[in-house]
Amino acid sequence: MSARDVYVIGVGMHPFGRHPQLALRELAGEAGRRALRDAGLSPARVQAAYFANALAGLLTGQESIRGQIALREAGVGGIAVVNVENACASGATAFHQAVLAIRAEACDVALVVGAEKMFVDDTGRALAALATAADVEVTRDMGLQFMAIYAMRLQRKLAEGTLSLQHLADVTVKSRRHGALNPYAQHRGELTADQVLAGKPIAGPLTRPMCSPISDGAAAAVLCSGPVARQAAALGRAVRVRASQLRSAAFRAADDGQPSTAVRCVRAAYEEAGVGPSELDVVECHDATAPGELLYYEDLGLCAEGAAGKLLDEGATAVGGRIPVNPSGGLTARGHPVGATGLAQIAEIVWQLRGEAGARQVAGAMVGLAQNSGGWLEGDSAAGAAHVLTR
Amino acid sequence: MPLGRRGRLQASAVVHHAPTGFSAPYIIGLVALDEGPIVFAPITGCPPEERAVRPGQAVELVIGPARPGGVAVPQFRPVPPAAGAGPHQEGAGSE
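What you are looking at is a predicted structure, and each value in this text was computed from that prediction instead of being measured.

The rules behind these values
Residues numbered from 1 in each chain as written. Chains lettered and ligands numbered in written order. Predicted model: local features only at pLDDT ≥ 70, side-chain atom pairs only at ≥ 80, totals over all residues. Heavy atoms only, no water. Phe/Tyr/Trp six-rings, centres within 6.5 Å; stacked < 30°, edge-to-face > 60°. Lys NZ or Arg CZ within 6 Å of the ring centre and 35° of its normal. Buried < 20%, exposed > 50% of the residue type's maximum accessible area, 1.4 Å probe, protein only. Helix = DSSP H or I, 4+ residues; strand = E, 2+ residues; numbered from the N terminus. Pairing = 2+ DSSP bridges. Axes fitted to C-alpha atoms, helices over the stretch in contact; angles between N-to-C directions. Contact = heavy atoms within 4.5 Å. Core = buried A, V, L, I, M, F, W, Y, C linked by side-chain atoms within 4.5 Å.

Attention now moves to the packing of aromatic side chains. According to the stated counting rule, one finds three aromatic pairs over all chains in the structure shown. Seen in terms of ring centroids, Phe22 of chain B and Tyr26 of chain B are 5.5 Å apart; in terms of plane orientation they differ by 35 degrees. Their pairing is tilted. If you follow Arg153 of chain A out to its NZ or CZ, it ends over the ring of Tyr150 of chain A, 5.2 Å from the centre. The ring of Phe22 of chain B is capped by Arg67 of chain B, whose NZ or CZ atom sits 5.9 Å from the centre of that ring.

On to the pairing of strand β7 (residues 216-225) of chain A. Residues and elements named next belong to chain A. Of all 10 residues in β7, 10 are buried, a share of seventy percent or more. Of the two faces of β7, the one holding Asp216, Ala218, Ala220, Val222 and Cys224 and the one holding Gly217, Ala219, Ala221, Leu223 and Ser225 are both buried throughout. Pairing geometry for strand β1 (residues 6-17) and β7, over nine bridges, is antiparallel. Counterpart to His14 in the pairing with β7 is Ala218. With nine bridges joining them, strand β4 (residues 109-117) and β7 adopt antiparallel strand pairing. Directly across from Lys117, in β7, lies its bridge partner Asp216.

Time to look at the sheet that holds strand β10 (residues 367-374) of chain A. Backbone hydrogen bonds are what pair the strands of a sheet, in a parallel or an antiparallel way. Residues and elements named next belong to chain A. Strand order in this open sheet of nine strands is β3-β2-β4-β7-β1-β8-β11-β10-β9, and the pairing throughout is mixed. One side of each edge strand has no neighbouring strand; the edge strands of this open sheet are β3 (80-84) and β9 (282-284). Between one strand axis and the next, the sheet turns through 20 degrees on average, direction left out of account. The sheet contact formed by β1 and strand β8 (residues 239-248) spans two bridges and is antiparallel. The residue of β8 that forms the bridge with Tyr7 is Arg240. Each of β1, β2 (48-52), β4 and β7 touches helix α1 (residues 24-39); the most contacted strand, β1, lies at about 140 degrees to it. On the sheet, helix α11 (residues 261-273) packs against β8, β10 and β11 (383-390) and is oriented at approximately 145 degrees with respect to β8.

To continue, consider the nonpolar core. Residue and element names in this part refer to chain A. Counting residues in hydrophobic clusters, the biggest one holds 66 residues, and the most contacted among them are Val283, Tyr297, Leu300, Leu302 and Leu369. In terms of residues, this core owes the most to one element, helix α7 (residues 146-160), which gives eight residues. With 39 residues, the next largest nonpolar core counts Val6, Tyr50, Val282 and Ala370 among its residues.

Laid out in structure tokens, this is it:
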């Protein structure tokens, strides 16, 4: 356990949902305090903090120093605080910065908090804010809507027949079944495939139950170097960060044959960790729509191209299956407060690897992947992050 | 790179739940211009229904607002079948 090895020794969340009575700082403070308590560290031990948020500037008007304000609620002040904004990948991007700082031996203990408050007067305003995670000079006044981007990605698969409407419904049913077991999830109720298909249409074939909801929430992680992690490790509570990768959209990203942001990022993470997709025990991926999870099965190498529907049909990606994906319920059921999502994924993987995930526990999980995407640029995710964690 | 007014629809989706300022339903799409680049744009000149357009369809540029009070933006509309014949048939054959 060297100084350059990085461990997660604490995670915490504020439940995702609709919290009109709570300010961003209260959501963030709760998640940060829980993560520190989980780590058994006082706020005074934190040497650097990273705060992930994407939309508060547009939705609340608070710009520039969101982290310095929010982290005070977790008892953190005076130290280095960095505000991280990277669309829906803000959370994992902030986590990545903390990993780099510890590896560089610039600090021993770092706190990362992601928080978002998206319930405002009307959802149209939240959707409009989300649509700014694209090049607004290119897309301004064009009616860009993110769920429609997922619908376009699914269009080819549906036309080819490798995916069907039933798959889109079934993967949503799975997400909701997992979410029902997660006390931090926004949607705790199960749905049938018929209920999913009968939902209000949002974009293309996607109905409301298939789409991640507007959410308020926060999630946090405490990272530390090897020497600091020894005590937690002795208690079986340290999870090692084996890979931390961040990428952006390639030039002419939409061209045929160009590997996607997610593909390039995850391949780099597998290489860094020295593990392949077949060695993963549990995956959290960025299913901003539940059917988007089906596209990620192929991007993450969990199945061959065109085999995502089959993987789902076999039950492989449900808890109890060969490679459970989104046991937390994913973005669709857990909720998607965008700046918090990447850290909620990390928290879920940490709980899974420690065996603390309760009714949604993946038995014997030793290796987990968290994959987070953000924004849209030239036809692909503008940002992508991937982390491999091991017990 | 000089760009022309023609391309082919690569993907599209009907938006049923619109951001503020837009009224659903409407269609957005990705258009592969004949010169190569792929661009995002609203699809106009056809009913806002799933079956109104299909991938591979020839489309042409029109400039105008995509929402009431919006600025003029590049949009694409289906090329009528007669106008879609000619040079575009070669393009389709080379894919």
